[in-house]
Amino acid sequence: GAVVSQHPSWVICKSGTSVKIECRSLDFQATTMFWYRQFPKQSLMLMATSNEGSKATYEQGVEKDKFLINHASLTLSTLTVTSAHPEDSSFYICSARGPPKTSHLGYEQYFGPGTRLTVT
Amino acid sequence: DAKTTQPNSMESNEEEPVHLPCNHSTISGTDYIHWYRQLPSQGPEYVIHGLTSNVNNRMASLAIAEDRKSSTLILHRATLRDAAVYYCILRDVGDTPLVFGKGTRLSVIA
(Lines give C-alpha, C1' and ligand atoms only; values in the text may rest on other atoms or scores of the structure.)
Protein backbone atom coordinates (compact mmCIF):
# COMPACT_ATOMS: atom_id res chain seq x y z
CA GLY A 1 0.00 0.00 0.00
CA ALA A 2 0.80 3.73 -0.01
CA VAL A 3 1.89 4.00 -3.62
CA VAL A 4 2.53 7.37 -5.22
CA SER A 5 2.96 7.78 -8.94
CA GLN A 6 4.20 10.66 -11.06
CA HIS A 7 3.68 11.44 -14.70
CA PRO A 8 5.63 11.94 -16.82
CA SER A 9 8.80 10.28 -15.58
CA TRP A 10 10.82 12.60 -17.77
CA VAL A 11 10.07 15.55 -20.00
CA ILE A 12 12.04 17.80 -22.31
CA CYS A 13 10.61 21.18 -23.15
CA LYS A 14 11.74 24.33 -24.88
CA SER A 15 12.58 27.46 -22.97
CA GLY A 16 9.53 29.66 -22.45
CA THR A 17 6.98 26.88 -22.52
CA SER A 18 5.05 25.48 -19.57
CA VAL A 19 5.05 21.90 -18.38
CA LYS A 20 2.69 20.10 -16.03
CA ILE A 21 3.71 17.25 -13.72
CA GLU A 22 1.07 15.03 -12.13
CA CYS A 23 1.31 13.29 -8.78
CA ARG A 24 -1.22 10.65 -7.76
CA SER A 25 -1.76 8.63 -4.63
CA LEU A 26 -2.94 5.29 -5.95
CA ASP A 27 -4.28 3.49 -2.91
CA PHE A 28 -4.89 6.10 -0.24
CA GLN A 29 -6.34 9.55 0.13
CA ALA A 30 -3.61 12.16 0.25
CA THR A 31 -4.87 15.10 2.26
CA THR A 32 -1.43 16.69 2.09
CA MET A 33 1.03 16.65 -0.76
CA PHE A 34 4.53 18.02 -0.94
CA TRP A 35 6.70 19.02 -3.88
CA TYR A 36 10.48 18.79 -3.76
CA ARG A 37 13.18 19.69 -6.25
CA GLN A 38 16.59 18.07 -6.49
CA PHE A 39 19.53 19.33 -8.50
CA PRO A 40 22.33 16.93 -9.48
CA LYS A 41 24.50 15.79 -6.57
CA GLN A 42 22.35 17.76 -4.13
CA SER A 43 19.72 16.88 -1.59
CA LEU A 44 15.98 17.30 -1.91
CA MET A 45 14.69 20.81 -1.35
CA LEU A 46 11.11 21.34 -0.25
CA MET A 47 9.29 23.69 -2.59
CA ALA A 48 5.74 23.73 -1.27
CA THR A 49 3.09 22.00 0.80
CA SER A 50 -0.49 21.70 -0.31
CA ASN A 51 -3.59 20.53 1.51
CA GLU A 52 -6.50 19.26 -0.55
CA GLY A 53 -8.82 22.11 -1.46
CA SER A 54 -6.51 24.81 -0.15
CA LYS A 55 -3.85 27.04 -1.64
CA ALA A 56 -0.34 25.74 -1.46
CA THR A 57 2.18 27.10 1.02
CA TYR A 58 5.47 27.86 -0.66
CA GLU A 59 8.89 27.77 0.94
CA GLN A 60 10.94 30.93 1.05
CA GLY A 61 12.55 31.69 -2.28
CA VAL A 62 10.16 29.60 -4.36
CA GLU A 63 8.16 31.69 -6.82
CA LYS A 64 4.50 30.80 -6.49
CA ASP A 65 3.64 32.38 -9.84
CA LYS A 66 6.22 30.26 -11.58
CA PHE A 67 5.49 26.96 -9.87
CA LEU A 68 1.72 26.58 -9.86
CA ILE A 69 0.41 23.85 -7.59
CA ASN A 70 -3.11 22.47 -7.73
CA HIS A 71 -4.42 19.92 -5.25
CA ALA A 72 -8.07 19.74 -6.19
CA SER A 73 -8.71 16.12 -5.23
CA LEU A 74 -7.58 13.69 -2.57
CA THR A 75 -5.60 11.65 -5.06
CA LEU A 76 -4.13 14.19 -7.46
CA SER A 77 -1.82 17.15 -7.26
CA THR A 78 -0.22 18.93 -10.18
CA LEU A 79 2.85 21.12 -10.46
CA THR A 80 3.02 23.42 -13.47
CA VAL A 81 6.34 25.03 -14.26
CA THR A 82 5.39 28.15 -16.19
CA SER A 83 7.69 29.80 -18.71
CA ALA A 84 10.38 27.24 -18.00
CA HIS A 85 14.03 28.16 -18.42
CA PRO A 86 17.16 26.01 -18.44
CA GLU A 87 17.81 26.78 -14.77
CA ASP A 88 14.50 25.06 -13.95
CA SER A 89 15.93 21.78 -15.22
CA SER A 90 15.84 19.49 -12.22
CA PHE A 91 14.41 16.31 -10.70
CA TYR A 92 10.96 17.07 -9.27
CA ILE A 93 9.63 14.71 -6.62
CA CYS A 94 6.21 14.70 -5.04
CA SER A 95 5.27 13.19 -1.71
CA ALA A 96 1.90 12.41 -0.17
CA ARG A 97 0.52 11.92 3.29
CA GLY A 98 -2.86 10.65 4.39
CA PRO A 99 -5.38 12.16 6.82
CA PRO A 100 -3.89 12.97 10.24
CA LYS A 101 -4.13 10.36 12.98
CA THR A 102 -4.99 7.56 10.58
CA SER A 103 -2.21 5.13 11.41
CA HIS A 104 0.99 5.34 9.45
CA LEU A 105 -0.71 6.92 6.45
CA GLY A 106 -1.38 10.08 8.40
CA TYR A 107 2.17 10.51 9.51
CA GLU A 108 4.63 9.06 7.07
CA GLN A 109 5.36 10.67 3.74
CA TYR A 110 5.31 8.47 0.66
CA PHE A 111 7.30 9.56 -2.32
CA GLY A 112 6.75 9.35 -6.02
CA PRO A 113 9.46 8.13 -8.40
CA GLY A 114 10.28 11.65 -9.57
CA THR A 115 10.08 13.55 -12.85
CA ARG A 116 13.21 14.68 -14.63
CA LEU A 117 12.65 18.00 -16.36
CA THR A 118 15.09 19.23 -18.98
CA VAL A 119 14.56 22.68 -20.44
CA THR A 120 16.45 23.36 -23.66
CA ASP B 1 13.83 21.26 12.40
CA ALA B 2 16.72 20.04 14.49
CA LYS B 3 19.83 19.34 12.43
CA THR B 4 21.49 16.04 11.85
CA THR B 5 25.08 15.30 10.94
CA GLN B 6 26.04 12.32 8.80
CA PRO B 7 29.25 11.29 7.06
CA ASN B 8 29.27 12.25 3.40
CA SER B 9 30.04 8.77 2.20
CA MET B 10 30.68 5.22 3.37
CA GLU B 11 31.74 2.03 1.69
CA SER B 12 30.84 -1.53 2.49
CA ASN B 13 31.57 -4.97 1.13
CA GLU B 14 28.67 -7.01 -0.09
CA GLU B 15 27.16 -9.44 2.44
CA GLU B 16 28.70 -7.55 5.37
CA PRO B 17 26.84 -5.44 7.95
CA VAL B 18 26.80 -1.68 7.58
CA HIS B 19 26.45 0.82 10.40
CA LEU B 20 25.41 4.28 9.26
CA PRO B 21 25.80 6.88 12.02
CA CYS B 22 23.81 10.03 12.61
CA ASN B 23 24.39 12.72 15.20
CA HIS B 24 21.52 14.87 16.39
CA SER B 25 22.68 16.56 19.55
CA THR B 26 19.90 19.17 19.54
CA ILE B 27 17.05 16.67 19.28
CA SER B 28 13.94 17.61 21.24
CA GLY B 29 11.79 15.29 23.29
CA THR B 30 9.09 15.03 20.63
CA ASP B 31 11.37 14.47 17.63
CA TYR B 32 11.18 11.11 15.93
CA ILE B 33 14.28 9.85 14.11
CA HIS B 34 13.50 8.88 10.55
CA TRP B 35 15.66 7.18 7.97
CA TYR B 36 14.94 7.33 4.28
CA ARG B 37 17.05 6.21 1.38
CA GLN B 38 17.20 7.30 -2.21
CA LEU B 39 18.37 4.96 -4.91
CA PRO B 40 19.82 6.53 -8.06
CA SER B 41 17.25 8.44 -10.11
CA GLN B 42 14.39 7.48 -7.81
CA GLY B 43 12.31 9.13 -5.12
CA PRO B 44 13.20 8.51 -1.49
CA GLU B 45 11.80 5.47 0.26
CA TYR B 46 11.06 4.99 3.91
CA VAL B 47 13.45 2.75 5.80
CA ILE B 48 12.65 2.98 9.49
CA HIS B 49 11.85 5.38 12.30
CA GLY B 50 11.93 5.43 16.07
CA LEU B 51 11.61 7.59 19.16
CA THR B 52 13.56 6.08 22.05
CA SER B 53 13.73 2.32 21.75
CA ASN B 54 15.65 0.36 19.17
CA VAL B 55 13.53 -0.68 16.20
CA ASN B 56 13.74 -3.55 13.76
CA ASN B 57 11.96 -4.17 10.49
CA ARG B 58 12.57 -6.26 7.42
CA MET B 59 14.85 -3.66 5.89
CA ALA B 60 17.03 -2.56 8.76
CA SER B 61 17.52 -1.94 12.45
CA LEU B 62 17.69 1.40 14.20
CA ALA B 63 19.80 1.75 17.30
CA ILE B 64 19.13 4.89 19.33
CA ALA B 65 21.53 6.12 21.96
CA GLU B 66 20.21 6.37 25.48
CA ASP B 67 20.52 10.18 25.46
CA ARG B 68 18.99 10.22 21.94
CA LYS B 69 21.76 12.46 20.67
CA SER B 70 22.83 9.94 18.09
CA SER B 71 21.49 6.94 16.25
CA THR B 72 22.77 4.24 13.94
CA LEU B 73 21.04 2.61 11.01
CA ILE B 74 22.13 -0.99 10.66
CA LEU B 75 21.87 -2.95 7.44
CA HIS B 76 22.57 -6.49 8.48
CA ARG B 77 23.85 -7.78 5.15
CA ALA B 78 24.54 -5.18 2.52
CA THR B 79 23.65 -6.03 -1.05
CA LEU B 80 24.43 -4.15 -4.23
CA ARG B 81 20.82 -2.96 -4.23
CA ASP B 82 21.45 -1.14 -0.96
CA ALA B 83 23.76 1.35 -2.67
CA ALA B 84 21.94 4.63 -2.14
CA VAL B 85 21.98 7.94 -0.28
CA TYR B 86 20.71 7.44 3.26
CA TYR B 87 19.07 10.35 5.01
CA CYS B 88 18.65 10.70 8.76
CA ILE B 89 15.86 13.17 9.49
CA LEU B 90 14.31 14.46 12.69
CA ARG B 91 10.63 15.19 12.67
CA ASP B 92 8.19 15.95 15.45
CA VAL B 93 4.74 14.46 15.86
CA GLY B 94 3.03 17.36 14.14
CA ASP B 95 2.35 18.02 10.52
CA THR B 96 5.76 19.34 9.53
CA PRO B 97 7.15 17.98 6.27
CA LEU B 98 10.36 16.04 5.99
CA VAL B 99 13.39 18.27 5.52
CA PHE B 100 16.35 16.50 3.95
CA GLY B 101 20.00 17.09 4.76
CA LYS B 102 22.91 15.90 2.67
CA GLY B 103 22.76 12.27 3.74
CA THR B 104 25.37 9.54 3.47
CA ARG B 105 26.17 8.02 0.11
CA LEU B 106 26.66 4.29 0.65
CA SER B 107 28.68 2.34 -1.88
CA VAL B 108 28.56 -1.45 -1.81
CA ILE B 109 31.44 -3.37 -3.30
CA ALA B 110 30.93 -6.80 -4.74
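In what follows, the structure referred to is the one given above.
Sequence order sets the numbering: in each chain, residues are counted from 1 along the sequence as written. To label them, take the chains in the order written and letter them from A, then take the ligands in the order written and number them from 1. In keeping with the model being predicted, local features are shown solely for residues with a pLDDT of at least 70 and side-chain atom pairs are shown and tallied solely at 80 or more, while totals for entire chains, interfaces and linings include all residues. Side-chain measures were taken over the full set of non-hydrogen atoms in the model, leaving aside hydrogen atoms and water.

Q: Sorry, what's going on with the sheet that holds strand 1 (residues 9-13) of chain B here?
A: The pairing of strands in a sheet comes from backbone hydrogen bonds and takes either a parallel or an antiparallel form. Residues and elements named next belong to chain B. Pairing between strands is defined by DSSP: at least two bridges between the two strands are required. Secondary structure elements are taken from DSSP: a helix is a run of H or I of four residues or more, a strand is a run of E of two residues or more, and numbering for both begins at the N terminus. If you trace the five strands from one edge of the open sheet to the other, you get 1-9-8-3-4, paired in mixed fashion. Only two strands of the sheet have a single neighbouring strand rather than two, namely strand 1 and strand 4 (45-50). Taking each pair of neighbouring strands and ignoring which way they run, the sheet shows an average axis angle of 25°. Across five bridges, strand 1 lies against strand 9 (residues 104-109) in parallel orientation. When the bridges of strand 9 are listed, M10 appears paired with L106. To define axes, lines are fitted to C-alpha atoms, for helices over the stretch in contact only, and angles between the resulting N-to-C directions are given on a 0 to 180 degree scale.

Q: What's the story with the sheet that holds strand 7 (residues 70-75) of chain B in this structure? I'm lost.
A: Residue and element names in this part refer to chain B. Ordered by their spatial adjacency, four strands build an open sheet running 2-7-6-5, and the pairing between neighbours is antiparallel. What marks the edges here is a single partner per strand, and that holds for strand 2 (18-23) and strand 5 (55-56). Looking at chain direction, strand 6 (residues 61-64) and strand 7 are connected through four bridges and run antiparallel. Among the inter-strand pairings, L62 is bridged to a residue of strand 7, identified as L73.

Q: What's the story with the side chain of Q6 of chain A in this structure? I'm lost.
A: Residues and elements named next belong to chain A. Tracing the sequence through the fold places Q6 in strand 1 (residues 4-7). Partly exposed describes any residue whose relative accessible area lies between the buried limit of under 20% and the exposed limit of over 50%, with all areas from a 1.4 Å probe on protein chains only and scaled to the type maximum. The class for Q6 is buried, based on a relative accessible area of 9%. We call two N or O atoms a polar contact when they sit within 3.5 Å, provided that within protein one can donate a hydrogen and the other can accept it, with sequence-adjacent residues counted only if both atoms are side-chain atoms. A polar contact is formed between the side chain of Q6 and the backbone nitrogen of C94, at a distance of 3.0 Å. A distance of 3.1 Å separates the side chain of Q6 from the side chain of T115, its partner in a polar contact. Contacts are assigned to residue pairs with any non-hydrogen atoms lying within 4.5 Å of each other. In contact with Q6, other than residues within four places in its own chain, are I21, E22, C23, W35, Y92, I93, C94, G112, P113, G114 and T115.

Q: Sorry if this is basic, but what is going on with the state of the cysteines here?
A: In a disulfide, the sulfur atoms of two cysteines are covalently bonded to one another. When the sulfur atoms of two cysteines come within 2.5 Å, that pair is taken as a disulfide. What the rule picks out here adds up to two disulfides over all chains. The residue that forms a disulfide with C23 of chain A is C94 of chain A, at a sulfur-sulfur distance of 2.0 Å. With the S-S dihedral at roughly 75°, the linkage between C23 of chain A and C94 of chain A falls on the right-handed side. On the criterion of sequence distance, the pair formed by C23 of chain A in strand 3 (residues 19-25) and C94 of chain A in strand 9 (residues 90-97) is long-range, its members being 71 residues apart. Accessibility assignment for this pair places C23 of chain A and C94 of chain A in one class, buried. Note that C22 of chain B is cross-linked by a disulfide to C88 of chain B, the S-S spacing being 2.1 Å.

Q: Just to check I follow, could you spell out the packing of aromatic side chains for this structure?
A: For any pair of aromatic rings, geometry is given as the distance between the ring centres together with the angle between the planes. Each aromatic pair joins two rings of Phe, Tyr and Trp (for Trp, the six-membered one) with centres within 6.5 Å, and gets the label stacked for planes under 30 degrees apart, edge-to-face for over 60, and tilted for any other angle. Across all of its chains, the model carries nine aromatic pairs over all chains by this definition. Ring geometry for Y36 of chain A and F100 of chain B: centres 5.7 Å apart, planes at 90°, overall edge-to-face. Here the residue Y36 of chain A occupies a position in strand 4 (residues 32-38), and F100 of chain B occupies one in the loop between strand 8 (84-91) and strand 9, the pair thus bridging two chains. On the basis of relative accessible area, Y36 of chain A is assigned to the buried category, the value being 0%. A relative accessible area of 9% places F100 of chain B in the buried class. Considering the side-chain rings of Y36 of chain B and Y46 of chain B, the 5.8 Å spacing of their centres and the 80° angle between planes classify their relative orientation as edge-to-face.

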